Every structure is written in structure tokens, then in C-alpha cells.
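# Fold and geometry: a report
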Amino acid sequence: MLTQDEIKKLVAQQAVELVQNNMTVGIGTGSTIYWLIMELGERVKQGLFFRAIPTSKRTAALAAEQNIPLAELNDVTSIDITIDGADEIDPNLQLIKGGGGALLQEKMVAAASRELLILADETKLVKQLGKFPLPLEVIPFGWKQVQRKIKEVYHIEASLRIKDNQPFVSDHGHYILDCPFQQIENPDILSYDLNAIPGVVDNGLFVNMADLVLVGYGDGRTETLHR
Ligand code: 5RP
């Protein structure tokens, strides 16, 4: 049986085949995407030319180490394909993302892309979204009001994400509230309602955004799921 890291590498090796010369490619964030960046670095050494739009400072730094040419989202009119990871994937390919705290930039890059491919190992597939606490990116000013509103409306305790004993701060200077919904019946409506709360910048539900999911299994099989 393959380890989780080996599965991540396997799907990254397959995904890299989709990157062609002169493409503009959105690159996600996380431990799965780490392997994608390594594979893309190898292709750059072999002469592949493309430009990458990174979804976080972490991804930008890793890509720069691999000599992958980078561009800003503002520099392009559209993106050919974005390849990213996810925290949960339901049977309709609706996603929870943001475990790495990069959800805002990931969503903006995905929204500008013709195609969104998600790489995952089988542990990310769920029947219903919600076991993974939904990340909510919030403005630090008055974040406790958002936390209270979530409790009042949904009867759950949203917890402020902490890193090194301090509030985790996103690349855009925001905090993250992790919301343990447990079961999300209607991701579309929830996403809309959450984003209507003053102080919420965005949430980690990616509704009708993923076109394809490439899943890797412990026995070395891979499978492509289509929306
Ligand atoms: C970061 C993300 C990641 O794609 C998600 O957390 C999955 O990460 P990993 O590949 O490390 O499991 O949304 O904000």
C-alpha cells in the first residue's frame, strides 16, 4: 500500500501532463500541491515554458525555488487551468478548502480559470461536506461579532485559528474562523449566507467550481471524477 505522501506524488505526476507549453497555470497551496510544484520544476528543467499564478506566498516561494516563472492575477486576463488540493470533496465535486488558510486567493484564482483540477487522496472524499471545520476568512476588526453571529444563527462554536500561540494571519492580513458545521445540507445557500455577514471576506466552500478531481488510492490506482 502507498503512503499518503506517495499517493499525493502519484496524482501530481499525472496532473503535470496537463500542463502544456505557453499555458497560464494557477497553482494551489498545500502538501499535495508541494509535489505538483516539484514535478513542474522538473518539467521546467526539461524546457517546458509556462507561467504560474500562485495562490499563496508559500506556493510562490516554492515555485520560485524551482525556477517556475510567476505572474500576478492582475497580469492575466484568464488562466488555462488551476490545479489545487482540497480538504473535503462531495459526490457533486463541491469542496471545502482553506485548511492551509489560502482560501481567498485560491478562490479568486479558481474563479479566473477555464478549468479547475483538484488533486486528492481518497481520504478527502466524503458523502456530505462538513466534518472538516469550514474555514471562514474574516476581517480582524470585530471578528468576535462574526463568531457571535455564527453561534446565534447556526448554534456552533466557531474557533479562531491559532498558530504559534497567536491568531493565524492570512496572506491578506485576515483571521480565520473554523466552523464545525458537521453536516452541510446545501453548500450553495450556506456559502451565500456566510458571505453576507459583515466582516466575512470569504468562506472555504467552493461550489460548482471544480471541473475534475484526480483521486489517488492506496493500492496505486487513480481515478478522474467529472462534475
Ligand atoms: C489550502 C487548501 C489546501 O488545498 C487543502 O488544505 C488541502 O491541503 P493538503 O493537500 O495539504 O491536504 O485549501 O488553503
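Residues numbered from 1 in each chain as written. Predicted model: local features only at pLDDT ≥ 70, side-chain atom pairs only at ≥ 80, totals over all residues. Heavy atoms only, no water.

## Here's the deal with the nonpolar core
Core analysis: the biggest nonpolar cluster contains 27 residues, and L36, F50, I83 and L119 have the highest contact counts within it. At the level of elements, α1 (4-15), β1 (24-27), α2 (31-45), α3 (57-65), β3 (81-84), β6 (116-121) and β14 (212-216) are the ones that each hand at least two residues to this core. Broken down by element, this core gets its largest block of residues, 7 residues, from α2. Not counting residues up to four positions away in its chain, the partners in contact with I83 are A15, V19, G26, I27, G28, I33, L36, L117 and L119. Counting residues in hydrophobic clusters, the runner-up holds 22 residues, among them L160, I184, L190 and I197. (Core = buried A, V, L, I, M, F, W, Y, C linked by side-chain atoms within 4.5 Å. Buried < 20%, exposed > 50% of the residue type's maximum accessible area, 1.4 Å probe, protein only. Helix = DSSP H or I, 4+ residues; strand = E, 2+ residues; numbered from the N terminus. Contact = heavy atoms within 4.5 Å.)

## Describing the domain arrangement of the chain
Examined at the domain level, the chain breaks down into domain 1 (4-125 + 207-226) and domain 2 (134-201). Relative to domain 2, the C-alpha centre of domain 1 lies at a distance of 25 Å. On the side of domain 2, 15 residues touch domain 1, which itself brings 13 residues to the contact. Between domain 1 and domain 2 lies a buried interface of about 1,100 Å² when both sides are counted; carbon and sulfur atoms form 60% of it. Between domain 1 and domain 2 we count 0 salt bridges in total. For the interface between domain 1 and domain 2, the tally reads 4 residue pairs in polar contact (both at pLDDT 80 or more). A per-element tally of the side of domain 1 that touches domain 2 places helix α4 (residues 103-111) first, with 4 residues. (Domains from an automatic or database assignment. Buried area = accessible area lost by both parts, 1.4 Å probe. Salt bridge = Lys/Arg side-chain N within 4 Å of Asp/Glu carboxyl O. Polar contact = N/O pair within 3.5 Å; in protein donor to acceptor, adjacent residues only side chain to side chain.)

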